[in-house]
Amino acid sequence: MVFGLWAGVFGVRADARPEVKISVASSVELRIRVKSLSPGSEWSFRNAYAGVLGIAERVEEFHAFGPSGEDLQARKIATGEFRSQPGAASITYVVKLPPPSASDVSHVSWIGGDSGLLMLADLLPESLPAVTLEISLPSGWTCQTAAPTDSLGRYYVSKPEDEVFLVGGSLRMQWKSVTGNVLSCLVAGSWPFKDETVLNAATKVLEKYIALTRYSLVARPVVMLVPLPVGTGSVKWRAETRGSTVVLLVDQQANIQRWPEQLGIIFTHELLHLWVPNSLLLEGDYDWFFEGFTLYTALVTALELKFINFDEYLATLARVYDSYLSRPDELSLIDAAERRWTGGNPVVYDKGMLVAFLYDLMINRDSGGRSRLLTLYRELFRHAPEPANGNEAIIALLSSSPGAADLARAYIQGSKELELEPALTSYGLRLDTSGKSSTFRINRELRPDQKQLLKSLGYR
């Protein structure tokens, strides 16, 4: 039996949309049928995403049929590329699901154990418009997603590339109204805490970001907590935010003492992606902002929500600085964003986060502790519905003063190596690099203005 979050609520009509049926034949194979297509003869499947390559190699047994069911002799012309005689109205194919690996478990479809994730972006042909979808599951399994259903219980999917389906044998759902938004929390598997812990942690963060941006999400946000089906070494969780869905995969055996705080820390980053970039119409590669600046904004939010203390705030920045120093810094942040998935250098994250730190120090100092980098998000979302070049729009927003414009030219547009120390002086901070790892230290004697600025950052 198949269930949806909003079953029967929207009364969505299915007229004139492709109809998709996904049958879970086993944990390693899906059978997919798409009918009511506009007549066509060529289909392409996504072959790379988030550094995962060869995704389309899983598509096999592809067939195309005419309006009367005649076989139109489809053939494979390249990986993920299929062509048939003209006039195809329906297609069928098989998608093989190999066991997930640590690198792809949060980015592509998989089924393992008693649960799985089906991501339509790698299951359906690219450029497919809005569809109605039926999912056939093994006995005892159910399905949950953010998509509404029509009167027949079929899912209405307006943007297939953004939709994620959680399937499994024991799925639980809770929801809560959060400042005009309805947050749904889906949990699979057994955990050493109550399901409410996940919902409460996500609620705190969602409330914070609604107040920060003053922008209500268009789609209803959904958080999915799923057991991590594969070992990832020292990393005990993986996450992906796609469309209005946040997927969090966690090792059930992870030795975590403070689960509410740990979940909250993760959500400070992932839930912000519901706004940046998912609610923006900005174009181009501006990953330095929606990853690097998001990391810093998440750190500040975790401090403000008391998931961490000020010592951990500084310690996190010091660890990121050491990571930054461990690799060459030869690219501007804009160039690094363009090569994010090919260069293997985390400069987008490390340098991006530290540049955000420098901006925060500057904005906070220049305002006498009354304004922070985070307040710029409100201005960003005043223009959220308007399409624009991402790099140009955000750099313009960040360049509100001569000093801020200099930072953008040096580190975002230019490839200057980071200099943190000058910005620390006003706060009575210093960077100690004499040991095995870097440390931010607070001067023993602080001037009144330094004490005030430190307090405005969260120091107590």
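Remember, it's a predicted structure, so these values are computed and weren't measured experimentally.

A.B. asks: Just to check I follow, could you spell out the overall build of the chain for this structure?
C.D. replies: A count of helical and extended segments in the chain gives 12 helices and 24 strands. A globule of 460 residues ought to have a C-alpha radius of gyration of about 23 Å, and the chain, at 24 Å, matches this closely. In terms of its C-alpha atoms, the chain occupies a principal-axis envelope of roughly 85 × 45 × 40 Å. A total of 460 residues make up the chain; the buried ones form 54% of that total. Looking at the chain as shown, the accessible area adds up to about 20,500 Å², and 48% of this sits on carbon and sulfur atoms.

A.B. asks: How should the sheet that holds strand E15 (residues 164-168) be read in this particular structure?
C.D. replies: Strand pairing in a sheet is mediated by backbone hydrogen bonds. Such pairs are either parallel or antiparallel. The sheet built from 4 strands is open, its strands ordered E10-E11-E15-E13 with antiparallel pairing. The two strands at the open ends of the sheet, each matched to only one other strand, are strand E10 (110-112) and strand E13 (142-145). On average, adjacent strands in this sheet sit at an angle of 20° to one another, irrespective of strand direction. For E13 and E15, the ladder comprises 4 bridges, and the chain directions are antiparallel. Each bridged residue has a counterpart across the sheet, and for Thr145 the counterpart in E15 is Phe165.

A.B. asks: Just checking my understanding: could you explain the packing of helix H3 (residues 287-304) against helix H7 (residues 347-366) for this structure?
C.D. replies: Helix-helix packing is described using two parameters, namely the angle between the two axes and the distance between the axes. Look at H3 against H7: their axes get within 7 Å of each other, and the N-to-C directions meet at 60°. Classified by the angle between their axes, H3 and H7 sit oblique to one another. Taken as a pair, H3 and H7 cross one another with a handedness that is right-handed. Contact with H3, carried on its side by Asp287, Trp288, Glu291, Gly292, Phe293, Leu295, Tyr296, Leu299 and Val300, involves Val348, Tyr349, Gly352, Met353, Val355, Ala356, Phe357, Tyr359 and Asp360 of H7 and no other residues of that element. Looking at the contact of H3 with H7, its residues break down into 13 nonpolar, 2 polar and 3 charged.

A.B. asks: Please clarify how the packing of aromatic side chains should be interpreted in this entry.
C.D. replies: Here a ring pair, both rings aromatic, is described through the centre-centre distance and the interplanar angle of the planes. Inspection of every chain in the model, using the stated rule, returns 25 aromatic pairs. Ring geometry for Phe62 against Phe82: centres 4.4 Å apart, planes inclined by 10°, an arrangement best described as stacked. Within this pair, whereas Phe62 is found in strand E6 (residues 59-65), its partner Phe82 is found in strand E8 (residues 81-88), the two being separated by 20 residues in sequence. For the pair Trp191 and Trp259, a centre-to-centre distance of 6.5 Å together with 70° between the ring planes defines the contact as edge-to-face. One end of the pair, Trp191, is in the loop between strand E17 (181-188) and helix H1 (195-213); the other, Trp259, is in helix H2 (residues 259-270), with 68 residues separating them in the sequence. Site record: aromatic cluster; members linked through ring pairs are Tyr296, Phe310, Tyr313, Phe357, Phe440 and Tyr459.

A.B. asks: Any chance you could explain the sheet that holds strand E1 (residues 19-26) here in plain terms?
C.D. replies: Overall, mixed pairing links the 6 strands, which are arranged E6-E9-E2-E1-E12-E14 in an open sheet. The sheet terminates laterally at E6 and strand E14 (155-157), the two strands that pair on one side only. Direction aside, the axes of adjacent strands within the sheet are offset by 20° on average.

A.B. asks: What exactly am I supposed to notice about H1 here?
C.D. replies: In an α-helix, one full turn covers 3.6 residues, which means residues spaced three or four apart are oriented alike. Here H1 contains 19 residues, and its C-alpha end-to-end distance of 28 Å stays within 8% of the 27 Å for a straight helix at 1.5 Å per residue. Immediately downstream of H1, the backbone of Arg214 shows phi near 55°, a positive value.

A.B. asks: Would you mind going over the environment of Asn391 with me for this structure?
C.D. replies: Residue position: Asn391 is located in helix H9 (residues 390-398). Overall, the relative accessible area of 12% leaves Asn391 in the buried class. In the structure, Asn391 is positioned 103 residues away from Trp288 in sequence and 9.3 Å away in space, judged by C-alpha atoms. Among residues more than four places away in sequence, those in contact with Asn391 are Asp285, Tyr286, Trp288 and Ile334. Here Asp285 takes part through its backbone oxygen, which lies 3.1 Å from a polar atom of the side chain of Asn391.

A.B. asks: I tried to follow the state of the cysteines on my own but got confused; where do I start?
C.D. replies: Covalent bonding between the sulfur atoms of two cysteines defines a disulfide. Scanning the model with the defined rule gives 0 disulfides in all. With no disulfide partner, Cys143 has as its closest neighbouring cysteine sulfur the one in Cys185, 16 Å distant.

A.B. asks: Sorry if this is basic, but what is going on with the environment of Pro221 here?
C.D. replies: Within the secondary structure, Pro221 sits in the loop between H1 and strand E18 (222-227). Residue Pro221 is classed as buried on the basis of its relative accessible area, which comes to 1%. As a C-alpha pair, Pro221 and Cys185 span 36 residues in sequence and 8.8 Å in three-dimensional space. Apart from the residues lying within four places of it in its own chain, the contact partners of Pro221 are Val182, Leu183, Ser184, Leu206, Ser244 and Leu274.

A.B. asks: Which parts of the structure should I look at to understand the nonpolar core?
C.D. replies: Within soluble globular proteins, side chains that are nonpolar generally end up buried alongside one another. Counting residues in hydrophobic clusters, the biggest one holds 101 residues, and the most contacted among them are Trp288 and Tyr313. Trp288 has contacts with Phe293, Leu333, Ile334, Ala337, Val348, Gly352, Asn391, Ile394, Ile395, Leu398 and Ile412, leaving out every residue within four places of it along the chain. Counting 37 residues, the second-largest nonpolar core is a separate cluster that includes Ile32, Val34, Phe45 and Ala56.

A.B. asks: In this structure, what is going on with the pairing of strand E16 (residues 171-178)? I would like to understand it.
C.D. replies: Looking along a regular strand, one sees the side chains alternate between the two faces of the sheet. Where E16 meets E17, 8 bridges bridge the pair, whose relative direction is antiparallel. Across the sheet, Ser177 pairs through a bridge with Val182, a residue of E17.

A.B. asks: Where do I start with H7 in this structure?
C.D. replies: Between its terminal C-alpha atoms H7 stretches 27 Å, which fits the 28 Å expected from 20 residues at 1.5 Å a residue. A large share of H7 lies buried, amounting to 17 of its 20 residues. Taken from the residues just after H7, Gly368 is the one with a positive phi, measuring 65°.

A.B. asks: What exactly am I supposed to notice about the side chain of Asp251 here?
C.D. replies: The topology assignment puts Asp251 in the loop between strand E20 (245-250) and H2. Looking at Asp251, its side chain comes within polar contact range of the main-chain nitrogen of Gln253, at 2.9 Å. Apart from residues lying up to four places away in sequence, Asp251 is in contact with Trp191, Leu228, Lys236 and Trp259.

Cut-offs used in this document
Residues numbered from 1 in each chain as written. Predicted model: local features only at pLDDT ≥ 70, side-chain atom pairs only at ≥ 80, totals over all residues. Heavy atoms only, no water. Helix = DSSP H or I, 4+ residues; strand = E, 2+ residues; numbered from the N terminus. Rg over C-alpha atoms; globule rule 2.2 N^0.38 Å. Buried < 20%, exposed > 50% of the residue type's maximum accessible area, 1.4 Å probe, protein only. Areas by Shrake-Rupley, 256 points an atom, 1.4 Å probe, with all protein chains shown as cover. Pairing = 2+ DSSP bridges. Axes fitted to C-alpha atoms, helices over the stretch in contact; angles between N-to-C directions. Parallel < 35°, antiparallel > 145°, perpendicular 65-115°, else oblique. Left-handed = near helix turned anticlockwise from the far one by under 90°. Contact = heavy atoms within 4.5 Å. Nonpolar A, V, L, I, M, F, W, Y, C, P; charged D, E, K, R; others polar. Phe/Tyr/Trp six-rings, centres within 6.5 Å; stacked < 30°, edge-to-face > 60°. Expected span 1.5 Å × (residues − 1). Polar contact = N/O pair within 3.5 Å; in protein donor to acceptor, adjacent residues only side chain to side chain. Disulfide = S-S within 2.5 Å. Core = buried A, V, L, I, M, F, W, Y, C linked by side-chain atoms within 4.5 Å.

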